[in-house]
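Descriptive analysis of the structure
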Amino acid sequence: MNRRIAIAEPDLSRLEEEYALAAIRSTWISSTGEYLTRFEQEFADACGCPHALAVSNGTTAIHLALAALNVGPGDEVIVPSMTYIATANAVRYCGAEPVFVDVEPTTWCLDPARLEEAITPRTKGVIAVHLLGHPADMDPILEIAAIHGLWVVEDAAEATFATYKGRTVGGLGRIGTFSFFGNKVLTCGEGGAVTFQDPVLATRLRMLRGQGMDPRQRYYFPIVGFNYRLTNLAAAILCGQMERRADILRRRREIVALYEARLRDVPGIGLRTDAEWAVTSPWMFAATIDGPAGIDRDAVARRLADDGIETRPLFVPIHALPPYRAAHNARGTELPVTGRLGREGIMLPTHTLLADGDIHQVCDRLIAAVEAARPVQGRLRVA
Ligand SMILES: Cc1ncc(COP(=O)(O)O)c(C=O)c1O
C-alpha cells in the first residue's frame, strides 16, 4: 500500500523551532518584538518594496488594504471570480460590492480585456489576483485603472516572490497583500502581510491594524480600527522561513517542473500557459480535466483519493456562490473561462516534503484515472 500523499504540508525546520523557542523565552509573544521588525524589513526588501507590515492573515491583509483606501458602502470593487473567497469577502466587509470579471484562458488571471466593461461610476478600484502563483498582466490593468482614476490592489496570497516583467509582485499596485497560511510558499500557520510604496499609507495602515491607535499618543483612538496584528511568535517562524526561502523555492520549482514535464502532453489533461513575462511562484500545481471530452474531474479526484492521493477542486467561481449570485445575475455578465476552470480545475499535491517518486506516483495515478474516466463509444466507462 502506497503512503498517503497530502496536498500540502508546511516545511518547518530546526531553525523555525529555534526562533519560536527564542521568542517564547524572550516573553515577547504578542504583537511587538524583534522578529516582527526583522521580518517586515526582510519581506519588504525581498518584494522590492520600501514598506511591509505583518498582519494576522491574508484575508485581513485585503480588508486592511481596502479600509486604508476608504472603500465603503455604495462602492464597487472589480475582482476576478476565479479566486479564493477571501478576495470577495473582504470587499463585503467594507460594505461594498464586488463586481466579477472573467480570467484569461492562458494565465487564468484577471483578463484586462474584460476590465473596462465592468467599470461604473461607483467603481473605486480593482483587485488583481495573482492566481496559483502566476502574476496577473499588471501593465494593461494599471493603465486602464489609471485612465479611470482607480487604484489597483494586488492579492498576492498565492504568488509570494513571483515576478512580472522582472519586478516582484506586491510592489506593482497601490498595496500588495500576502498570506502565510499553512499551505503557502512561506508559512507561520496563520499570517499575512501588506506591502506598499506610498509612505502616507504607512501611518494609516498601521493605525487601522492596531485598533486605530494614534501613533503619537498611546491608547488614544481617533478612528475605528481592527486588531489585525501578527504575533512576534509567528514572525519568528517567518524569519526562519525567510532564511530558508531559496531552498523552499528551489524544491517547489523542481516539483512544478516535474508535473509539467509529465502532464504537458497527456490527452484529457490541460495546463495553464505561463506568460513569457512571468516568473511564477511555485504554489499549488493545478491542471484541468477535459470536461467536454466527457472526463469527469470529480470522478478522477475520487479515484486519486482511493489511491491515497489528496487533491482539491479549483475554486468554485465566487459569482455562483449564494452570497454573491443574485447581485451577479442582475448584472448578467458571462464568465465562461471562470466557469470552465471551476468545473475542470484540480489542484495536485505540492510541497517540499514530497520526493520525486511521490510526484511520479501522483502523475501515474492521475493519468490512469483520466484514462479510466474517458467515455467509450459515447458511454462512460464503468470505473
Ligand atoms: C487568492 C487568495 N486570497 C486571499 C487568501 C486568504 O488568505 P488567508 O487564508 O491567510 O486568510 C487566500 C488564501 O488561501 C488566497 O488564496
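Residues numbered from 1 in each chain as written. Predicted model: local features only at pLDDT ≥ 70, side-chain atom pairs only at ≥ 80, totals over all residues. Heavy atoms only, no water.

**Topic: the sheet that holds strand β7 (residues 167–168)**
- Read from one edge to the other, the open sheet built from 3 strands follows the order β7-β6-β11, with strand pairing classed as antiparallel. Two strands bound the open sheet, and with one partner strand each, they are β7 and β11 (278–279).
- Bridging between strand β6 (residues 163–164) and β11 involves 2 bridges; their strand directions are antiparallel. Bridged to Tyr164 within β11 is Ala278. (Pairing = 2+ DSSP bridges. Helix = DSSP H or I, 4+ residues; strand = E, 2+ residues; numbered from the N terminus.)

**Concerning the site of the ligand**
- In the vicinity of the ligand lie 14 residues, with Thr59, Asp155, Glu158, Ser179 and Lys184 positioned nearest.
- Residue Thr59 places a side-chain N or O atom 2.5 Å away from an oxygen atom belonging to the ligand.
- One of the side-chain nitrogen or oxygen atoms of Asp155 is found 2.7 Å away from a nitrogen atom of the ligand.
- The protein chains hide 93% of the 390 Å² of surface that the ligand would expose on its own. (Near = heavy atom within 4 Å. Polar contact = N/O pair within 3.5 Å; in protein donor to acceptor, adjacent residues only side chain to side chain. Areas by Shrake-Rupley, 256 points an atom, 1.4 Å probe, with all protein chains shown as cover.)

**Section: the domain arrangement of the protein**
- When the domains of the protein are assigned, the result is domain 1 (14–243) and domain 2 (245–375).
- Measuring from the centre of the C-alpha atoms in domain 1 to the corresponding centre in domain 2 gives 25 Å.
- Between domain 1 and domain 2, the residue contacts involve 45 residues of the former and 42 residues of the latter.
- A combined buried area of about 3700 Å² lies between domain 1 and domain 2, and 63% of that area is made up of carbon and sulfur atoms.
- Between domain 1 and domain 2 we count 0 salt bridges in total.
- Inspection of the domain 1/domain 2 interface yields 18 residue pairs in polar contact (both at pLDDT 80 or more).
- Mapped onto the side of domain 1 that touches domain 2, the elements with two or more residues apiece are α4 (86–93), β3 (97–101), β6 and α7 (232–243).
- Examining the composition of the side of domain 1 that touches domain 2, we find that 5 residues originate from one element, β3, more than from any other.
- The residue inventory of the side of domain 1 that touches domain 2, partitioned by class, reads 23 nonpolar, 11 polar and 11 charged. (Domains from an automatic or database assignment. Contact = heavy atoms within 4.5 Å. Buried area = accessible area lost by both parts, 1.4 Å probe. Salt bridge = Lys/Arg side-chain N within 4 Å of Asp/Glu carboxyl O. Nonpolar A, V, L, I, M, F, W, Y, C, P; charged D, E, K, R; others polar.)

**Remarks on a nonpolar patch on the surface**
- Together, Leu21, Ile24 and Ile29 give the surface a local cluster of nonpolar side chains, amounting to about 250 Å² of exposed area.
- Within the secondary structure, Ile29 sits in the loop between α1 (14–26) and α2 (34–46). (Patch = residues over 30% accessible without salt bridge, like charges linked within 9 Å, V, L, I, M, F, W, Y side chains within 5 Å.)

**With respect to the nonpolar core**
- Residues Phe43, Leu66 and Ile175 are the most contacted members of the largest nonpolar core, which totals 104 residues.
- Shared between two domains, this core takes at least three residues from each, and those domains are domain 1 (14–243) and domain 2 (245–375).
- For Phe43, the contacting residues outside a window of four places in its chain are Ala52, Thr160, Phe161, Phe178, Phe180, Leu186, Ala193, Thr195 and Met242.
- Leu263, Phe285, Leu304 and Ala373 belong to the second-largest nonpolar core, a separate cluster that totals 27 residues. (Core = buried A, V, L, I, M, F, W, Y, C linked by side-chain atoms within 4.5 Å. Buried < 20%, exposed > 50% of the residue type's maximum accessible area, 1.4 Å probe, protein only.)

**A few points about the packing of helix α9 (residues 297–306) against helix α12 (residues 356–373)**
- Viewed as axis vectors pointing N to C, α9 and α12 meet at an angle of 135°, and their least axial separation amounts to 9 Å. Relative to α12, α9 is oriented oblique. Considering the relative orientation of α9 and α12, their crossing is right-handed. On α12, the residues that touch Val300, Arg303 and Leu304 of α9 are Val362, Arg365, Leu366, Ala369, Val370, Ala372 and Ala373. (Axes fitted to C-alpha atoms, helices over the stretch in contact; angles between N-to-C directions. Parallel < 35°, antiparallel > 145°, perpendicular 65-115°, else oblique. Left-handed = near helix turned anticlockwise from the far one by under 90°.)

**Thoughts on unusual backbone geometry**
- Despite not being glycine, Asn70 has its phi angle at roughly 65°, a positive value.
- With respect to the helices and strands, the residue Asn70 is situated in the loop between α3 (58–68) and β2 (76–80).
- Assessed through its relative accessible area of 54%, Asn70 is described here as exposed.
- With a phi angle near 50°, Leu132 is a residue other than glycine that sits in the positive phi range.
- Examined against the element boundaries, Leu132 turns out to sit in the loop between β4 (123–129) and α5 (138–147).

**Observations concerning the sheet that holds strand β13 (residues 312–313)**
- With antiparallel pairing, 4 strands are arranged side by side in an open sheet as β10-β12-β14-β13. At either end of the open sheet lies a strand with only one pairing partner, and these are β10 (269–270) and β13.
- As paired strands, β10 and strand β12 (residues 285–289) are joined by 2 bridges and run antiparallel to one another. Its bridge partner lying in β12, Gly270 is registered against Thr288.

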